[in-house]
There are 2 protein chains.
Amino acid sequence: MEAKKNIETCYSPKLFNLFDKTEKLIVISDIFRATSSICAAFDNGAKEIVAISDKDECLEYKEKGYLIAGERQGKILDYADLGNSPNDFSKDVVKDKNLVLNTTNGTKTIKLAATDNNNVVIGAFVNLKALTQYIIKKDMAVLILCSGWKNHYSLEDSLFAGALANKIIINTTGKFYTECDATKAAMDIWEIAKNNPKKYIQKAAHNFRLKNLNLDNVIDYCMSTNITNVIPVLKNNTTLINQKDI
Amino acid sequence: MEAKKNIETCYSPKLFNLFDKTEKLIVISDIFRATSSICAAFDNGAKEIVAISDKDECLEYKEKGYLIAGERQGKILDYADLGNSPNDFSKDVVKDKNLVLNTTNGTKTIKLAATDNNNVVIGAFVNLKALTQYIIKKDMAVLILCSGWKNHYSLEDSLFAGALANKIIINTTGKFYTECDATKAAMDIWEIAKNNPKKYIQKAAHNFRLKNLNLDNVIDYCMSTNITNVIPVLKNNTTLINQKDI
């Protein structure tokens, strides 16, 4: 009998080194906003996205024709072409373009996972259904890495972890399970939130941060489920591409 | 108007340095079993408890007449007098005694908090009501530090954080609140669990670990609420005493 696959959740990048990554699919969750925005970008025809934190490296890529999507704590970087909201990545801006993503938390999280030929995929509510199907087909153990806020636990990223674990487990019969307390807690809060995730997430600290930055118009998109089939995966430890383009 | 006091929760000792500790009361949660056992010890008349991880230092205290309560991953240390289960700390063993506590996770967590004259108090379901009253009277911001399992998130420690935050907030009118996502999630799982916490916690990974060690007879005590009024607090960065003995 084939071994059942465990689903684990890491609530903070700072805890990531506690987890064994061998033969696991790492799903990155940064709902407000990096992973939602990455899905939007590929949905609108972006070719590739490179996660870079260093300014000089960003500028090198800019010289090569990459568009720079860059923010720190909600403010667009002076050398960036666009911000980090899903609506910045519209079709007229990103179609057939290569992009650099440089954000407060998401970029660091992607870079953290992007080593040792790890299997890395981008998760968000907007691609939840397609991602669930992709993971079930992959048939690997899953480690969901929540980006959080400056290494702190965040409600929206763990809520997504709970939603994803729930979908994977209920759509397979005994093939996946979890023995991870963090996943169990995340699934419990998803159980509370699932009938109205947009309402549930109003209490998240990041919701208030986005409101203060007048960026709360992105919440509706980021909390919408199943509006794109893109599966952004990491290639060569460096570059995100849509899995369909492989 | 007096400022409202925030309640924060730290899910792992490894995240503790992210939090500002100024003018906060730090509550340590290690439900299975250290903080439950500490409450049991004081309830049965122990005079003081010192948290020590180092073997040589433990032996020095043993020479001075301290009883050593010591375990690693559920096995009693060869130089220890007793283990780390609440029933090890019975009245005939601990009354009027000084103790050393040397455990896998709890001791490290206590030592982590026990610096800079931090205000540290021991929390468990068994002293939940008395602790809630103590905290409300103290009228300080609260930081609940979950001991977890080898720096991983644990369900029972965060469930206690949710229970405590819930009790503090509902027993005061607007004096306490939380803007911490980790506390909000903990309160949500407490909402699910509160009618039958013993049943809820059956799914916790540590429950299975205790069963494998034949230590699951402690779960009933550790998940019982309000069976003692002791408030173990830290004195001089080193020594736990019952607050009533100050």
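See the structure printed just above.
Small disclaimer: the values here were computed from a predicted structure and weren't measured.

Enquirer: Could you give an account of the relation of the copies chain A and chain B, with specific residues and numbers?
Expert: In the superposition of chain A on chain B (RMSD 0.0 Å, axial shift 0.0 Å), the rotation amounts to 180°. This pairing of chains is accounted for by a two-fold axis. Among all C-alpha atoms of chain A, that of A:I189 lies closest to the rotation axis, at 3.4 Å. Here 100% of the interface residues in chain A have copies in chain B that are interface residues too; the copies meet face to matching face.

Enquirer: Pulling in residues and values, what's your account of the interface of chain A and chain B?
Expert: Contacts between chain A and chain B engage 27 residues on the former and 27 residues on the latter. Roughly 2,200 Å² is buried in total at the junction of chain A and chain B, and carbon and sulfur atoms are behind 61% of that figure. Its largest share of buried area at the contact with chain B, chain A owes to A:K14, A:Y153 and A:D181, together 26% of the area lost on that side. The tally of links between chain A and chain B comes to two salt bridges. Along the contact surface separating chain A from chain B lie 13 residue pairs in polar contact (both at pLDDT 80 or more). Breaking the side of chain A that touches chain B down by element, the ones donating at least two residues are α6 (155-170), α7 (181-193) and α9 (205-212) of chain A.

Enquirer: Could you give me a rundown of unusual backbone geometry, with the residues and numbers involved?
Expert: Residue and element names in this part refer to chain A. The omega torsion of the bond from F32 to R33 falls at 10°, within 30 degrees of zero and hence cis. Of note, R33 is situated in the loop between β2 (24-29) and α1 (34-43). The phi dihedral of N117 falls on the positive side, at around 55°, and the residue is not glycine. With respect to the helices and strands, N117 occurs in the loop between α4 (106-113) and β7 (119-123).

Enquirer: Residues and numbers for the nonpolar core, please.
Expert: Counting 162 residues, the largest nonpolar core has A:I135 and B:I135 as the members making the most contacts within it. For A:I135, the contacting residues outside a window of four places in its chain are A:L25, A:V27, A:M140, A:V142, A:L164, A:I168 and A:F176.

Enquirer: A description of helix α6 (residues 155-170) of chain B should follow, citing residues and the corresponding values.
Expert: Compared with the 22 Å implied by 1.5 Å per residue over 16 residues, the 22 Å span of α6(B) between its first and last C-alpha is a close match. Counting buried positions along α6(B) yields 13 of 16 residues, so the element is predominantly enclosed.

Enquirer: Tell me what's going on with the packing of aromatic side chains, and back it up with residues and numbers.
Expert: Note on aromatic pairs: each is described by the distance of the centres and the angle between the planes. Tallied over the entire structure, the rule returns 11 aromatic pairs over all chains. One aromatic cluster is present, formed by A:Y11, A:Y153, B:Y11 and B:Y153 through successive ring pairs. Above the plane of the ring of A:Y61 lies A:K64, whose end atom (NZ or CZ) is 4.1 Å from the centre.

Enquirer: Please set out a negative patch on the surface residue by residue, giving values where relevant.
Expert: On the surface, a cluster of negative charge is contributed by A:D54, A:D56, A:E57, A:E60 and A:E63. Here A:E60 shows up in helix α2 (residues 55-63).

Enquirer: Provide a residue-level description of the pairing of strand β3 (residues 48-51) of chain A, including the pertinent values.
Expert: Residues and elements named next belong to chain A. Here β3 shows two buried faces, one formed by E48 and V50 and the other by I49 and A51. For β3 and strand β6 (residues 98-102), the ladder comprises four bridges, and the chain directions are parallel. Its bridge partner lying in β6, V50 is registered against V100. Pairing between β3 and strand β11 (residues 239-242): two bridges, direction antiparallel. Bridge assignment links I49 to a residue of β11, and that residue is L240.

Enquirer: Now, about the pairing of strand β8 (residues 141-146) of chain B: what can you tell me, with residues and values included?
Expert: Residues and elements named next belong to chain B. Of all the six residues making up β8, six are buried; the element is thus mostly covered by neighbouring parts of the structure. Here β8 shows two buried faces, one formed by A141, L143 and L145 and the other by V142, I144 and C146. Note: strand β1 (residues 5-10) against β8, four bridges, orientation parallel. Bridging across to β8, C10 finds its partner in L145.

Each value, and the rule that gives it
- Residues numbered from 1 in each chain as written.
- Chains lettered and ligands numbered in written order.
- Predicted model: local features only at pLDDT ≥ 70, side-chain atom pairs only at ≥ 80, totals over all residues.
- Heavy atoms only, no water.
- Least-squares fit on C-alpha atoms with pLDDT ≥ 70 in both.
- Contact = heavy atoms within 4.5 Å.
- Buried area = accessible area lost by both parts, 1.4 Å probe.
- Salt bridge = Lys/Arg side-chain N within 4 Å of Asp/Glu carboxyl O.
- Polar contact = N/O pair within 3.5 Å; in protein donor to acceptor, adjacent residues only side chain to side chain.
- Helix = DSSP H or I, 4+ residues; strand = E, 2+ residues; numbered from the N terminus.
- Core = buried A, V, L, I, M, F, W, Y, C linked by side-chain atoms within 4.5 Å.
- Buried < 20%, exposed > 50% of the residue type's maximum accessible area, 1.4 Å probe, protein only.
- Expected span 1.5 Å × (residues − 1).
- Phe/Tyr/Trp six-rings, centres within 6.5 Å; stacked < 30°, edge-to-face > 60°.
- Lys NZ or Arg CZ within 6 Å of the ring centre and 35° of its normal.
- Patch = residues over 30% accessible without salt bridge, like charges linked within 9 Å, V, L, I, M, F, W, Y side chains within 5 Å.
- Areas by Shrake-Rupley, 256 points an atom, 1.4 Å probe, with all protein chains shown as cover.
- Lys, Arg positive; Asp, Glu negative; His and termini not counted.
- Charge placed at Lys NZ, Arg CZ, Asp CG, Glu CD.
- Pairing = 2+ DSSP bridges.

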